Amino acid sequence: MDSHETRDAIRASVRALCNRFPPKYWRTLDAEREYPHDFVNALTEAGLLAALIPTEYGGAGLGLREAAVVLGEINHFGGNASACHAQMYVMNVLLRHGSVEQKQRYLPEIAAGRLRLQAFAVTEPNSGSDTTAIETTAVRHGDRYVVNGQKIFISRVLQSDLMLLLARTTPRAEVRKKTDGLSVFLLDLRKTQGLEVRPIRTMLNHATNALFFENVEVPAEGLIGEEGKGFSYILDGMNAERVLVASEAIGDGRWFIEKAVAYAQERVVFGKPIGANQGVQFPIAKAHTALTAASMLTEQAATLFDSHQSCAAEANMAKYLAAEAAWEAANACMDTYGGYGFAEEYDVERKFREVRLFINAPVSRNMALSYISQHVLGLPRSFT
């Protein structure tokens, strides 16, 4: 089976599974701010969340292109892949930089669904997008590290068994480069003491939290890779994250386009379908064109990642374009539906809220443009 046939088969499998979870399922969860446990369990049982895990560890051994199909198709169907996308890119940090012992211990359990790795604790209240400015510390004491600090907007902690944590093991003032001295740890949340999790209610159902670490002890064997080199490790995860989130945004955009087209054809005003009016047609057509371009760049970024080539520029551009195109599609759909778009039963308002997140996170559009300006165009760095 070639790559196109593989992705077509994956797409069909995802749609068949999603058929078991109709719009009412997602609508109810959104209203109650509940996590889609049944949906995530079904994805896991079908082996779809283990797409990137090598076959030797019980996974499917596929690439980022195939993983992108899984997440994109969930959103295309009307679901919300954000509930489980972290298992793809967070796991990738463990896969690429973990020790043989760590991979043998955790990856088969993750692939089988006996463990969930859905949380990645990086962002902090005082650092925002400046990852090198994080203040959470991990200090070595014998056979363990002691962690103190805070994190913000860390999703799915209460739904995970494991969590990756980025902390500073060497003070920023003592390192040659500000990207040095950061380390990644794998925490077993089932055994972690001293961690307080405070849920944050947001405009969408995203299960995000503020975290407070007070003398949290992490066994030394929880360190991923080499101490002080964690910033480079999370960059791999971030590039994968941007490609996967771009695929989700494209899936959302396609959902909006299809909803808008169907409604524009059936809604009759002044004696004809509203879709016959160029004022309705053109915004939908523009959004479709933008989504098509974003999809092509996302495919390119995923292909580069799978071949272990540099893809940071493509990943940032893909995420930027996909988020913008999906938001354009959301607005076109909302305009097409008019007042009905604000009614819960049509799901447009729910997806409208969900897709708006991609403009800001993960990685805001301004940070993506800043990367492109500096690293692609060679313009002066705009921040220090």
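- Under an unreviewed UniProt entry, the name given to the protein chain is Acyl-CoA/acyl-ACP dehydrogenase, and the organism recorded is Corallococcus macrosporus.
- On record in UniProt, under Sequence similarities (unreviewed entry), the comment for the protein chain is "Belongs to the acyl-CoA dehydrogenase family."
- Quoted verbatim from the Cofactor (unreviewed entry) heading of the UniProt record, the comment on the protein chain is "FAD".

With respect to the environment of Ala 207
Moving on, step 1. Structurally, Ala 207 can be placed in the loop between strand 6 (195-200) and strand 7 (208-219).
Moving on, step 2. With relative accessibility at 25%, the residue Ala 207 sits in the partly exposed group.
Moving on, step 3. Residues Ala 207 and Leu 158 lie 49 residues apart in sequence; the distance between their C-alpha atoms is 8.1 Å.

Things to note about helix 9 (residues 312-337)
Moving on, step 1. Look at helix 9: 37 Å from first C-alpha to last across 26 residues, which is about the 38 Å you get at 1.5 Å a residue.
Moving on, step 2. Count one or two residues on from helix 9 and you reach Gly 338, which has phi positive near 65 degrees.

Some thoughts on the pattern of salt bridges
Moving on, step 1. Scanning all chains against the criterion turns up 20 salt bridges.
Moving on, step 2. Among the salt bridges present, the one from Asp 143 reaches Arg 144, with a minimum N-O distance of 3.2 Å.
Moving on, step 3. On the basis of relative accessibility, which here comes to 26%, the residue Arg 144 falls in the partly exposed class.
Moving on, step 4. Where salt bridges share partners, they join Arg 27, Asp 252, Asp 347, Arg 350, Lys 351 and Glu 354 into one cluster.

With respect to a nonpolar patch on the surface
Moving on, step 1. On the surface, a cluster of nonpolar side chains totalling about 280 Å² of accessible area is made up of Val 376, Leu 377 and Leu 379.
Moving on, step 2. Position of Leu 379 relative to the elements: it lies in the segment after helix 11 (365-376).
Moving on, step 3. According to the relative accessible area criterion, Leu 379 is partly exposed, its value standing at 44%.

Describing the packing of helix 9 against helix 11
Moving on, step 1. As a packed pair, helix 9 and helix 11 sit with axes 9 Å apart at the nearest point and diverge in direction by 145 degrees. Considering only the axes of helix 9 and helix 11, their crossing is left-handed. In this structure, helix 9 uses Ala 312, Ala 313, Asn 316, Met 317, Tyr 320 and Glu 324 to contact helix 11, whose residues at the interface are Arg 365, Ala 368, Leu 369, Tyr 371, Ile 372 and Val 376.
Moving on, step 2. For the contact of helix 9 with helix 11, the class distribution of residues is nine nonpolar, one polar and two charged.

Overview of the packing of aromatic side chains
Moving on, step 1. All chains considered together, the criterion is met by 10 aromatic pairs.
Moving on, step 2. Centroid distance Phe 21 to Phe 39: 5.3 Å. Interplanar angle 85 degrees. Geometry classified as edge-to-face. Here Phe 21, found in the loop between helix 1 (3-18) and helix 2 (23-32), pairs with Phe 39, found in helix 3 (residues 37-45); they are 18 residues apart in sequence, far enough to count as distant.
Moving on, step 3. The class of Phe 21 is buried, set by a relative accessible area of 8%.
Moving on, step 4. Ring geometry for Tyr 25 against Trp 26: centres 5.3 Å apart, planes inclined by 85 degrees, an arrangement best described as edge-to-face.
Moving on, step 5. Overall, Tyr 25 belongs to the buried group, its relative accessible area being 19%.

Some points on the side chain of Glu 349
Moving on, step 1. One can find Glu 349 in helix 10 (residues 348-360).
Moving on, step 2. Overall, Glu 349 belongs to the buried group, its relative accessible area being 16%.

As for the UniProt feature "domain: Acyl-CoA dehydrogenase/oxidase N-terminal" (unreviewed entry) in the protein chain
Moving on, step 1. Mapped onto this numbering, the UniProt entry gives "domain: Acyl-CoA dehydrogenase/oxidase N-terminal" (unreviewed entry) at residues 5-113.
Moving on, step 2. As a span, residues 5-113 carries 66% helix and 0% strand, and end to end its C-alpha atoms are 26 Å apart.

Things to note about the pairing of strand 4 (residues 162-168)
Moving on, step 1. Among the seven residues in strand 4, seven count as buried, and that is most of the element.
Moving on, step 2. Of the two faces of strand 4, both are covered, the one formed by Leu 162, Leu 164, Leu 166 and Arg 168 as well as the one formed by Met 163, Leu 165 and Ala 167.
Moving on, step 3. Two elements, strand 4 and strand 5 (residues 182-188), share seven bridges in a ladder whose sense is antiparallel. Residue pairing in the sheet places Leu 166 in a bridge with Val 184 of strand 5.

Each value, and the rule that gives it
- Residues numbered from 1 in each chain as written.
- Predicted model: local features only at pLDDT ≥ 70, side-chain atom pairs only at ≥ 80, totals over all residues.
- Heavy atoms only, no water.
- UniProt positions renumbered as here; feature names shortened; annotations may be inferred.
- Helix = DSSP H or I, 4+ residues; strand = E, 2+ residues; numbered from the N terminus.
- Buried < 20%, exposed > 50% of the residue type's maximum accessible area, 1.4 Å probe, protein only.
- Expected span 1.5 Å × (residues − 1).
- Salt bridge = Lys/Arg side-chain N within 4 Å of Asp/Glu carboxyl O.
- Patch = residues over 30% accessible without salt bridge, like charges linked within 9 Å, V, L, I, M, F, W, Y side chains within 5 Å.
- Areas by Shrake-Rupley, 256 points an atom, 1.4 Å probe, with all protein chains shown as cover.
- Axes fitted to C-alpha atoms, helices over the stretch in contact; angles between N-to-C directions.
- Left-handed = near helix turned anticlockwise from the far one by under 90°.
- Contact = heavy atoms within 4.5 Å.
- Nonpolar A, V, L, I, M, F, W, Y, C, P; charged D, E, K, R; others polar.
- Phe/Tyr/Trp six-rings, centres within 6.5 Å; stacked < 30°, edge-to-face > 60°.
- Pairing = 2+ DSSP bridges.

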